[in-house]
Amino acid sequence: MQRLFLYSLLCALFLVSCSDKNVPEATTQRGEILKVDTLRYLTIDEVAKLATDSINKTYLHYPVRCFRLTYSSVYEDEPITTTAMLLLPENDTADFALCEYMHGTNWPLEKLAAQQKMPSNYFSNGRRQSGGEVATCGIPLASSGMAVVMPDYIGFGETADKEHPFIYYPELRHANIDALRALKNYLKLEGNQDVWLAGWSQGGGAALSLHYYIQSEYNKEFTVQSSSCLSGPYNYSGQFEGVLRDTTGLTPPTALCTWSVYVLNRFAVHRNPDQIYTFTVTDQVSAMMNFVGSVWDCFRPYFTQGVLNGTDTEWIAASDKNSYHKGWTPTGKVYLHHGTKDPIVPYFNTTDAFEGLTKEGGDITLYSYEGKGHFDITFHYMNHTLNDWGR
(Lines give C-alpha, C1' and ligand atoms only; values in the text may rest on other atoms or scores of the structure.)
Protein backbone atom coordinates (compact mmCIF):
# COMPACT_ATOMS: atom_id res chain seq x y z
CA MET A 1 0.00 0.00 0.00
CA GLN A 2 2.82 2.37 0.87
CA ARG A 3 4.50 1.70 -2.47
CA LEU A 4 1.23 2.25 -4.34
CA PHE A 5 0.78 5.56 -2.54
CA LEU A 6 4.38 6.57 -3.41
CA TYR A 7 3.84 5.80 -7.07
CA SER A 8 0.51 7.66 -7.15
CA LEU A 9 2.14 10.66 -5.49
CA LEU A 10 4.99 10.67 -8.02
CA CYS A 11 2.56 10.52 -10.91
CA ALA A 12 0.59 13.43 -9.48
CA LEU A 13 3.76 15.46 -9.07
CA PHE A 14 5.38 14.75 -12.41
CA LEU A 15 2.60 14.39 -14.96
CA VAL A 16 2.15 17.54 -17.02
CA SER A 17 -1.26 18.11 -18.52
CA CYS A 18 -1.50 18.11 -22.29
CA SER A 19 -1.77 21.38 -24.13
CA ASP A 20 -1.85 22.36 -27.77
CA LYS A 21 0.71 25.14 -27.27
CA ASN A 22 3.45 22.93 -28.72
CA VAL A 23 1.58 22.02 -31.90
CA PRO A 24 2.70 24.29 -34.76
CA GLU A 25 0.54 25.34 -37.66
CA ALA A 26 0.09 22.62 -40.26
CA THR A 27 1.86 24.77 -42.86
CA THR A 28 5.05 25.08 -40.77
CA GLN A 29 8.14 23.46 -42.28
CA ARG A 30 10.31 21.24 -40.11
CA GLY A 31 13.18 23.21 -38.65
CA GLU A 32 11.37 26.51 -39.11
CA ILE A 33 12.19 29.00 -36.37
CA LEU A 34 9.06 30.14 -34.55
CA LYS A 35 10.68 32.30 -31.88
CA VAL A 36 14.10 33.52 -30.77
CA ASP A 37 14.80 34.61 -27.19
CA THR A 38 18.04 36.41 -26.36
CA LEU A 39 19.42 34.90 -23.15
CA ARG A 40 22.92 36.11 -22.37
CA TYR A 41 26.10 37.65 -23.70
CA LEU A 42 29.23 36.05 -22.23
CA THR A 43 32.53 37.86 -22.26
CA ILE A 44 35.65 35.79 -22.83
CA ASP A 45 36.36 35.97 -19.08
CA GLU A 46 32.87 34.68 -18.30
CA VAL A 47 33.31 31.90 -20.85
CA ALA A 48 36.60 30.90 -19.22
CA LYS A 49 35.01 30.89 -15.75
CA LEU A 50 32.11 28.66 -16.85
CA ALA A 51 34.40 26.25 -18.70
CA THR A 52 37.18 26.22 -16.13
CA ASP A 53 36.87 22.51 -15.30
CA SER A 54 36.46 21.20 -18.82
CA ILE A 55 38.83 22.89 -21.21
CA ASN A 56 42.33 24.12 -21.85
CA LYS A 57 41.80 27.86 -22.16
CA THR A 58 43.90 28.03 -25.33
CA TYR A 59 40.80 26.76 -27.18
CA LEU A 60 38.67 29.70 -26.01
CA HIS A 61 38.88 32.47 -28.60
CA TYR A 62 35.63 34.43 -28.64
CA PRO A 63 32.84 35.78 -26.42
CA VAL A 64 29.56 33.86 -26.84
CA ARG A 65 25.99 34.98 -27.49
CA CYS A 66 23.29 32.67 -26.12
CA PHE A 67 19.74 32.29 -27.44
CA ARG A 68 16.74 29.99 -27.04
CA LEU A 69 15.35 28.78 -30.36
CA THR A 70 11.76 27.61 -30.61
CA TYR A 71 11.39 25.54 -33.76
CA SER A 72 9.09 23.08 -35.48
CA SER A 73 9.65 19.34 -35.58
CA VAL A 74 7.70 16.07 -35.49
CA TYR A 75 6.97 13.49 -32.80
CA GLU A 76 5.47 10.17 -33.83
CA ASP A 77 4.91 11.70 -37.27
CA GLU A 78 2.81 14.55 -35.87
CA PRO A 79 3.86 18.25 -35.84
CA ILE A 80 5.31 19.56 -32.60
CA THR A 81 7.07 22.68 -31.35
CA THR A 82 10.24 22.22 -29.35
CA THR A 83 13.28 24.21 -28.20
CA ALA A 84 17.05 24.32 -28.29
CA MET A 85 19.96 26.39 -26.99
CA LEU A 86 21.83 28.34 -29.67
CA LEU A 87 25.39 29.45 -28.92
CA LEU A 88 27.24 31.75 -31.32
CA PRO A 89 30.80 33.14 -31.22
CA GLU A 90 30.82 36.93 -31.04
CA ASN A 91 33.43 37.80 -33.64
CA ASP A 92 33.42 38.35 -37.40
CA THR A 93 36.60 36.26 -37.78
CA ALA A 94 34.98 33.07 -36.40
CA ASP A 95 34.32 30.43 -39.04
CA PHE A 96 30.86 29.53 -37.64
CA ALA A 97 31.31 25.84 -38.46
CA LEU A 98 27.94 24.18 -37.75
CA CYS A 99 27.99 21.97 -34.66
CA GLU A 100 25.26 20.07 -32.83
CA TYR A 101 25.93 18.93 -29.26
CA MET A 102 23.51 16.37 -27.78
CA HIS A 103 23.30 16.14 -24.00
CA GLY A 104 23.11 13.18 -21.64
CA THR A 105 20.08 11.61 -19.99
CA ASN A 106 17.56 13.36 -17.79
CA TRP A 107 15.14 11.27 -15.74
CA PRO A 108 11.37 11.61 -16.23
CA LEU A 109 11.01 10.97 -12.49
CA GLU A 110 12.40 14.48 -12.09
CA LYS A 111 10.16 16.10 -14.66
CA LEU A 112 9.71 19.39 -12.81
CA ALA A 113 13.45 19.71 -12.13
CA ALA A 114 14.25 18.55 -15.65
CA GLN A 115 12.53 21.68 -16.98
CA GLN A 116 15.59 23.53 -15.69
CA LYS A 117 18.02 20.87 -16.88
CA MET A 118 17.22 21.45 -20.53
CA PRO A 119 19.99 23.32 -22.38
CA SER A 120 17.74 26.22 -23.39
CA ASN A 121 16.79 26.80 -19.75
CA TYR A 122 20.35 26.82 -18.44
CA PHE A 123 20.40 30.53 -17.67
CA SER A 124 16.97 30.33 -16.03
CA ASN A 125 18.41 28.10 -13.32
CA GLY A 126 19.81 30.60 -10.81
CA ARG A 127 21.90 28.02 -8.98
CA ARG A 128 23.09 26.37 -12.20
CA GLN A 129 23.38 23.05 -10.42
CA SER A 130 22.24 21.09 -13.47
CA GLY A 131 22.32 21.29 -17.23
CA GLY A 132 26.07 21.71 -16.91
CA GLU A 133 26.92 20.45 -20.38
CA VAL A 134 26.00 23.90 -21.68
CA ALA A 135 28.95 25.29 -19.69
CA THR A 136 31.40 22.41 -20.02
CA CYS A 137 30.77 21.49 -23.65
CA GLY A 138 28.46 23.80 -25.60
CA ILE A 139 29.96 27.16 -24.62
CA PRO A 140 33.60 26.06 -25.19
CA LEU A 141 32.67 24.74 -28.64
CA ALA A 142 31.07 28.08 -29.49
CA SER A 143 34.01 30.05 -28.06
CA SER A 144 36.29 28.07 -30.36
CA GLY A 145 34.45 29.62 -33.31
CA MET A 146 31.62 27.15 -33.97
CA ALA A 147 27.89 27.86 -34.25
CA VAL A 148 26.44 25.38 -31.74
CA VAL A 149 22.88 24.13 -31.31
CA MET A 150 21.89 21.97 -28.32
CA PRO A 151 18.39 20.43 -28.66
CA ASP A 152 16.31 19.98 -25.50
CA TYR A 153 14.81 16.63 -26.69
CA ILE A 154 11.13 15.81 -26.83
CA GLY A 155 9.65 14.82 -23.48
CA PHE A 156 11.11 17.56 -21.32
CA GLY A 157 10.85 21.32 -20.99
CA GLU A 158 8.24 22.70 -23.38
CA THR A 159 7.23 19.18 -24.47
CA ALA A 160 7.02 17.59 -21.02
CA ASP A 161 3.55 16.22 -21.80
CA LYS A 162 5.14 13.74 -24.26
CA GLU A 163 6.98 10.54 -23.43
CA HIS A 164 10.69 10.94 -24.06
CA PRO A 165 12.15 8.54 -26.67
CA PHE A 166 15.26 8.13 -24.45
CA ILE A 167 17.79 5.99 -26.36
CA TYR A 168 15.42 5.02 -29.17
CA TYR A 169 17.26 6.92 -31.87
CA PRO A 170 14.93 6.34 -34.85
CA GLU A 171 12.47 8.65 -33.03
CA LEU A 172 14.94 10.89 -31.17
CA ARG A 173 16.65 11.86 -34.44
CA HIS A 174 13.70 13.95 -35.68
CA ALA A 175 14.09 16.80 -33.19
CA ASN A 176 17.88 16.55 -33.58
CA ILE A 177 17.95 16.91 -37.36
CA ASP A 178 15.38 19.70 -37.14
CA ALA A 179 17.62 21.52 -34.64
CA LEU A 180 20.33 21.54 -37.32
CA ARG A 181 17.79 22.86 -39.81
CA ALA A 182 16.84 25.60 -37.35
CA LEU A 183 20.51 26.52 -36.94
CA LYS A 184 20.91 26.66 -40.70
CA ASN A 185 17.78 28.81 -40.99
CA TYR A 186 18.93 31.18 -38.25
CA LEU A 187 22.21 31.77 -40.07
CA LYS A 188 20.32 32.10 -43.38
CA LEU A 189 22.38 29.39 -45.05
CA GLU A 190 21.32 27.56 -48.20
CA GLY A 191 22.41 24.35 -49.85
CA ASN A 192 24.33 21.46 -48.37
CA GLN A 193 26.25 22.42 -45.21
CA ASP A 194 29.14 20.70 -43.42
CA VAL A 195 28.37 19.76 -39.81
CA TRP A 196 30.21 18.46 -36.76
CA LEU A 197 28.37 16.29 -34.20
CA ALA A 198 29.14 15.69 -30.52
CA GLY A 199 27.47 14.31 -27.41
CA TRP A 200 27.85 12.41 -24.15
CA SER A 201 26.11 9.25 -22.91
CA GLN A 202 22.62 9.24 -24.47
CA GLY A 203 23.90 12.17 -26.50
CA GLY A 204 26.94 10.16 -27.63
CA GLY A 205 24.59 7.56 -29.07
CA ALA A 206 22.49 10.36 -30.55
CA ALA A 207 25.58 11.84 -32.24
CA LEU A 208 26.71 8.59 -33.84
CA SER A 209 23.18 7.65 -34.91
CA LEU A 210 22.58 11.12 -36.36
CA HIS A 211 25.84 10.72 -38.30
CA TYR A 212 24.27 7.57 -39.78
CA TYR A 213 20.92 9.19 -40.53
CA ILE A 214 22.45 12.28 -42.14
CA GLN A 215 24.41 10.04 -44.49
CA SER A 216 21.45 7.83 -45.34
CA GLU A 217 18.51 10.25 -45.32
CA TYR A 218 19.57 13.89 -45.05
CA ASN A 219 22.67 13.94 -47.26
CA LYS A 220 21.23 16.61 -49.58
CA GLU A 221 21.06 19.03 -46.63
CA PHE A 222 24.17 18.22 -44.59
CA THR A 223 27.53 16.48 -44.80
CA VAL A 224 29.08 15.20 -41.57
CA GLN A 225 32.72 16.18 -41.37
CA SER A 226 33.22 14.50 -37.99
CA SER A 227 31.41 13.11 -34.98
CA SER A 228 32.99 13.00 -31.53
CA CYS A 229 31.05 10.66 -29.25
CA LEU A 230 31.55 10.14 -25.51
CA SER A 231 30.38 7.02 -23.63
CA GLY A 232 27.35 6.26 -25.81
CA PRO A 233 25.18 3.11 -25.99
CA TYR A 234 25.91 2.40 -29.65
CA ASN A 235 25.35 -1.37 -29.41
CA TYR A 236 21.90 -1.32 -27.83
CA SER A 237 21.10 -4.94 -28.65
CA GLY A 238 24.42 -6.15 -27.23
CA GLN A 239 24.08 -4.05 -24.10
CA PHE A 240 20.62 -5.36 -23.24
CA GLU A 241 21.63 -8.94 -23.94
CA GLY A 242 24.79 -8.44 -21.90
CA VAL A 243 22.76 -7.23 -18.93
CA LEU A 244 20.41 -10.21 -19.19
CA ARG A 245 23.34 -12.64 -19.41
CA ASP A 246 25.24 -10.75 -16.69
CA THR A 247 28.29 -10.57 -18.94
CA THR A 248 28.94 -6.81 -18.87
CA GLY A 249 31.15 -7.05 -15.80
CA LEU A 250 29.08 -4.18 -14.41
CA THR A 251 25.38 -3.79 -13.74
CA PRO A 252 23.88 -0.60 -15.20
CA PRO A 253 21.11 0.94 -13.08
CA THR A 254 17.98 -1.20 -13.19
CA ALA A 255 15.73 1.81 -13.79
CA LEU A 256 17.65 2.75 -16.95
CA CYS A 257 17.32 -0.80 -18.26
CA THR A 258 13.59 -1.12 -17.56
CA TRP A 259 12.98 2.37 -18.97
CA SER A 260 14.89 1.64 -22.19
CA VAL A 261 12.86 -1.55 -22.67
CA TYR A 262 9.65 0.43 -22.17
CA VAL A 263 10.76 2.98 -24.78
CA LEU A 264 11.74 0.36 -27.37
CA ASN A 265 8.38 -1.31 -26.87
CA ARG A 266 6.49 2.01 -26.84
CA PHE A 267 7.94 3.30 -30.09
CA ALA A 268 8.77 0.13 -32.05
CA VAL A 269 7.27 -3.19 -30.88
CA HIS A 270 3.94 -2.16 -29.29
CA ARG A 271 3.23 -5.07 -26.94
CA ASN A 272 1.13 -5.09 -23.82
CA PRO A 273 3.66 -4.35 -21.04
CA ASP A 274 2.24 -7.29 -19.08
CA GLN A 275 3.93 -9.55 -21.64
CA ILE A 276 7.31 -8.09 -20.71
CA TYR A 277 7.38 -6.95 -17.08
CA THR A 278 6.73 -8.78 -13.82
CA PHE A 279 5.39 -5.57 -12.24
CA THR A 280 2.68 -3.15 -13.38
CA VAL A 281 3.81 -0.75 -16.11
CA THR A 282 1.50 1.85 -17.63
CA ASP A 283 3.91 4.60 -18.69
CA GLN A 284 7.60 5.52 -18.69
CA VAL A 285 7.52 6.61 -15.02
CA SER A 286 6.03 3.33 -13.79
CA ALA A 287 8.57 1.42 -15.94
CA MET A 288 11.28 2.90 -13.72
CA MET A 289 9.46 2.28 -10.45
CA ASN A 290 10.71 -1.26 -9.95
CA PHE A 291 10.07 -2.77 -6.53
CA VAL A 292 10.62 -6.41 -7.44
CA GLY A 293 14.40 -6.64 -7.09
CA SER A 294 17.29 -6.78 -9.55
CA VAL A 295 17.03 -6.34 -13.30
CA TRP A 296 16.67 -10.10 -13.76
CA ASP A 297 13.53 -10.07 -11.61
CA CYS A 298 11.89 -7.35 -13.70
CA PHE A 299 11.17 -9.28 -16.89
CA ARG A 300 9.00 -12.32 -17.47
CA PRO A 301 11.09 -15.47 -18.04
CA TYR A 302 9.65 -16.19 -21.47
CA PHE A 303 10.52 -12.66 -22.62
CA THR A 304 14.09 -12.97 -21.35
CA GLN A 305 14.48 -16.43 -22.86
CA GLY A 306 13.13 -15.28 -26.22
CA VAL A 307 15.70 -12.48 -26.38
CA LEU A 308 18.60 -14.70 -25.29
CA ASN A 309 17.85 -17.75 -27.42
CA GLY A 310 17.00 -15.73 -30.53
CA THR A 311 13.37 -16.78 -30.90
CA ASP A 312 11.91 -13.35 -30.20
CA THR A 313 12.80 -12.14 -33.68
CA GLU A 314 10.53 -9.09 -33.54
CA TRP A 315 12.24 -7.71 -30.43
CA ILE A 316 15.71 -8.56 -31.70
CA ALA A 317 15.02 -6.83 -35.04
CA ALA A 318 13.88 -3.66 -33.23
CA SER A 319 16.99 -3.76 -31.02
CA ASP A 320 19.27 -4.23 -34.00
CA LYS A 321 17.63 -1.29 -35.79
CA ASN A 322 18.50 0.80 -32.74
CA SER A 323 22.20 -0.22 -32.81
CA TYR A 324 24.80 1.71 -34.83
CA HIS A 325 28.07 -0.04 -34.02
CA LYS A 326 28.37 -1.90 -37.33
CA GLY A 327 26.89 -2.34 -40.79
CA TRP A 328 27.63 1.11 -42.25
CA THR A 329 30.65 3.11 -43.35
CA PRO A 330 30.87 6.62 -41.89
CA THR A 331 31.96 9.33 -44.28
CA GLY A 332 33.88 11.83 -42.22
CA LYS A 333 36.02 11.10 -39.19
CA VAL A 334 34.59 9.42 -36.08
CA TYR A 335 36.18 9.85 -32.66
CA LEU A 336 35.01 7.50 -29.90
CA HIS A 337 35.73 8.21 -26.22
CA HIS A 338 34.99 5.96 -23.22
CA GLY A 339 36.17 5.15 -19.72
CA THR A 340 37.12 1.50 -19.25
CA LYS A 341 35.30 1.25 -15.90
CA ASP A 342 32.04 2.90 -16.90
CA PRO A 343 29.23 1.52 -14.65
CA ILE A 344 26.41 3.20 -16.59
CA VAL A 345 27.16 2.47 -20.27
CA PRO A 346 29.45 -0.57 -20.57
CA TYR A 347 32.78 0.09 -22.27
CA PHE A 348 32.25 -2.61 -24.89
CA ASN A 349 29.74 -0.32 -26.65
CA THR A 350 32.68 1.78 -27.83
CA THR A 351 35.07 -1.06 -28.63
CA ASP A 352 32.30 -2.79 -30.58
CA ALA A 353 31.69 0.44 -32.53
CA PHE A 354 35.41 0.92 -33.14
CA GLU A 355 35.84 -2.62 -34.44
CA GLY A 356 32.56 -2.73 -36.38
CA LEU A 357 32.94 0.60 -38.16
CA THR A 358 36.66 0.14 -38.79
CA LYS A 359 35.83 -3.20 -40.43
CA GLU A 360 33.44 -1.35 -42.75
CA GLY A 361 36.25 0.99 -43.83
CA GLY A 362 35.44 3.93 -41.56
CA ASP A 363 38.10 6.38 -40.35
CA ILE A 364 37.70 5.74 -36.61
CA THR A 365 39.83 6.84 -33.66
CA LEU A 366 39.38 5.29 -30.21
CA TYR A 367 40.23 7.13 -26.99
CA SER A 368 40.14 4.73 -24.04
CA TYR A 369 40.48 6.27 -20.57
CA GLU A 370 41.92 3.58 -18.32
CA GLY A 371 40.13 3.20 -14.99
CA LYS A 372 37.75 6.08 -15.68
CA GLY A 373 33.98 5.92 -15.26
CA HIS A 374 31.01 7.73 -16.76
CA PHE A 375 31.28 11.18 -15.20
CA ASP A 376 35.00 11.94 -14.89
CA ILE A 377 36.37 12.31 -18.42
CA THR A 378 34.74 15.48 -19.80
CA PHE A 379 38.03 17.40 -19.58
CA HIS A 380 39.87 14.78 -21.65
CA TYR A 381 36.97 14.48 -24.10
CA MET A 382 36.60 18.20 -24.76
CA ASN A 383 40.30 18.90 -25.17
CA HIS A 384 40.77 15.97 -27.53
CA THR A 385 37.66 16.98 -29.50
CA LEU A 386 38.69 20.59 -30.00
CA ASN A 387 42.22 19.54 -30.90
CA ASP A 388 41.01 16.86 -33.33
CA TRP A 389 38.66 19.36 -34.95
CA GLY A 390 41.45 21.87 -35.38
CA ARG A 391 39.88 24.50 -33.16
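Thresholds applied
- Residues numbered from 1 in each chain as written.
- Predicted model: local features only at pLDDT ≥ 70, side-chain atom pairs only at ≥ 80, totals over all residues.
- Heavy atoms only, no water.
- Helix = DSSP H or I, 4+ residues; strand = E, 2+ residues; numbered from the N terminus.
- Buried < 20%, exposed > 50% of the residue type's maximum accessible area, 1.4 Å probe, protein only.
- Areas by Shrake-Rupley, 256 points an atom, 1.4 Å probe, with all protein chains shown as cover.
- Axes fitted to C-alpha atoms, helices over the stretch in contact; angles between N-to-C directions.
- Parallel < 35°, antiparallel > 145°, perpendicular 65-115°, else oblique.
- Contact = heavy atoms within 4.5 Å.
- Nonpolar A, V, L, I, M, F, W, Y, C, P; charged D, E, K, R; others polar.
- Pairing = 2+ DSSP bridges.
- Right-handed = clockwise from strand over helix to strand, strands pointing away.
- Phe/Tyr/Trp six-rings, centres within 6.5 Å; stacked < 30°, edge-to-face > 60°.
- Lys NZ or Arg CZ within 6 Å of the ring centre and 35° of its normal.
- Core = buried A, V, L, I, M, F, W, Y, C linked by side-chain atoms within 4.5 Å.
- Left-handed = near helix turned anticlockwise from the far one by under 90°.
- Polar contact = N/O pair within 3.5 Å; in protein donor to acceptor, adjacent residues only side chain to side chain.

A. The overall build of the protein chain, seen in detail. A tally of helices and strands in the protein chain yields 13 helices and 9 strands. Buried positions account for 59% of the 391 residues belonging to the protein chain. For the protein chain, the accessible area works out to roughly 15900 Å², and carbon and sulfur atoms hold 50% of it.

B. Expanded view of the packing of helix α8 (residues 254–269) against helix α11 (residues 313–321). At a minimum axis separation of 11 Å, α8 and α11 run at an interaxial angle of 100°. The angle between α8 and α11 falls in the class roughly perpendicular. For the pair α8 and α11, contact is made by Val 261, Leu 264, Asn 265, Ala 268 and Val 269 and by Glu 314, Trp 315, Ala 318 and Ser 319, respectively. Considered class by class, the residues forming the contact of α8 with α11 number 6 nonpolar, 2 polar and 1 charged.

C. Layout of the pairing of strand β9 (residues 364–369). For strand β8 (residues 333–339) and β9, the ladder comprises 6 bridges, and the chain directions are parallel. The partner of His 337 across the bridge, within β9, is Tyr 367. The parallel pair β8 and β9 is bridged by helix α12 (residues 348–359), and the resulting crossover is right-handed.

D. Representation of the packing of aromatic side chains in the model. The final tally for this structure, using the stated rule, is 17 aromatic pairs. Each ring, one from Tyr 168 and one from Phe 267, has its centre 6.2 Å from the other, and the planes form 15°; the classification is stacked. On the criterion of sequence distance, the pair formed by Tyr 168 in the loop between β5 (146–151) and α5 (169–186) and Phe 267 in helix α8 is long-range, its members being 99 residues apart. Ring centres of Phe 240 and Phe 303 lie 6.3 Å apart, and the angle between their planes is 40°; this geometry places the pair in the tilted category. Separated by 63 residues along the polypeptide, Phe 240 in helix α7 (residues 236–245) and Phe 303 in helix α10 (residues 301–309) bring together distant segments of the chain. Here Phe 240 matches Phe 303 in class, with each residue buried. Taken together, the aromatic side chains of Phe 240, Tyr 277, Phe 279, Phe 299, Phe 303 and Trp 315 make up a single cluster linked through ring pairs. Positioned over the ring face of Tyr 213 is Arg 173, at 4.2 Å from the centre of the ring. Seen from the ring of Phe 222, Lys 184 lies directly overhead, with NZ or CZ sitting 5.2 Å from the centre.

E. View of the nonpolar core. If you look at the biggest cluster of nonpolar residues, it comprises 74 residues, and the most contacted ones within it are Leu 180, Ile 214 and Phe 299. Once residues lying within four places of it in the same chain are set aside, the contact partners of Leu 180 are Glu 100, Val 149, Val 195, Leu 197, Leu 210, Ile 214 and Phe 222. One finds Leu 42, Ala 48, Trp 200 and Met 382 within the second-largest nonpolar core, a separate group that totals 37 residues.

F. Spatial organisation of the packing of α7 against α10. Their axes nearest at 10 Å, the elements α7 and α10 cross at an angle of 120°. Taken together, the axes of α7 and α10 are oblique relative to one another. Between α7 and α10 the crossing geometry is left-handed. Contacts between α7 and α10 pair Phe 240, Glu 241, Leu 244 and Arg 245 from the former with Phe 303, Thr 304, Val 307 and Leu 308 from the latter. Residue composition of the contact of α7 with α10, grouped by class: 5 nonpolar, 1 polar and 2 charged.

G. Representation of the environment of Thr 83 in the model. Considering the arrangement of structural elements, one finds Thr 83 in strand β3 (residues 78–89). Judged by relative accessible area, Thr 83 falls into the buried class, the value being 5%. Excluding its chain neighbours within four sequence positions, the residues that come into contact with Thr 83 are Arg 68, Leu 69, Thr 70, Tyr 71, Ser 120, Pro 151, Asp 152 and Glu 158. Side-chain polar atoms of Thr 83 contact the side chain of Asp 152, separated by 2.4 Å.

H. The arrangement of the sheet that holds β5 in detail. As summarised here, the arrangement of the 9 strands in space is β1-β2-β3-β5-β4-β6-β7-β8-β9, forming an open sheet in which the pairing is mixed. Each edge of the open sheet is held by one strand with a lone partner, namely β1 (33–42) and β9. With direction set aside, neighbouring strand axes in the sheet form an average angle of 20°. In this sheet, β3 lies alongside strand β2 (residues 64–75) in antiparallel orientation, the contact comprising 12 bridges. What sits directly across from Thr 70, in β3, is Thr 83. Packing of α5 onto the sheet brings it into contact with β1, β2, β3, β4 (97–102), β5, β6 (193–200) and β7 (222–230), and relative to β2 it is tilted by some 130°.

I. Quick peek at helix α13 (residues 378–388). If you check which residues of α13 are buried, you get Tyr 381, Met 382, Asn 383, Thr 385 and Leu 386. In this structure, the buried residues of α13 make contact with β4, α4 (133–143), β6, β7, β8 and β9. Within two residues after α13, Gly 390 carries a phi angle of roughly 65°, on the positive side.

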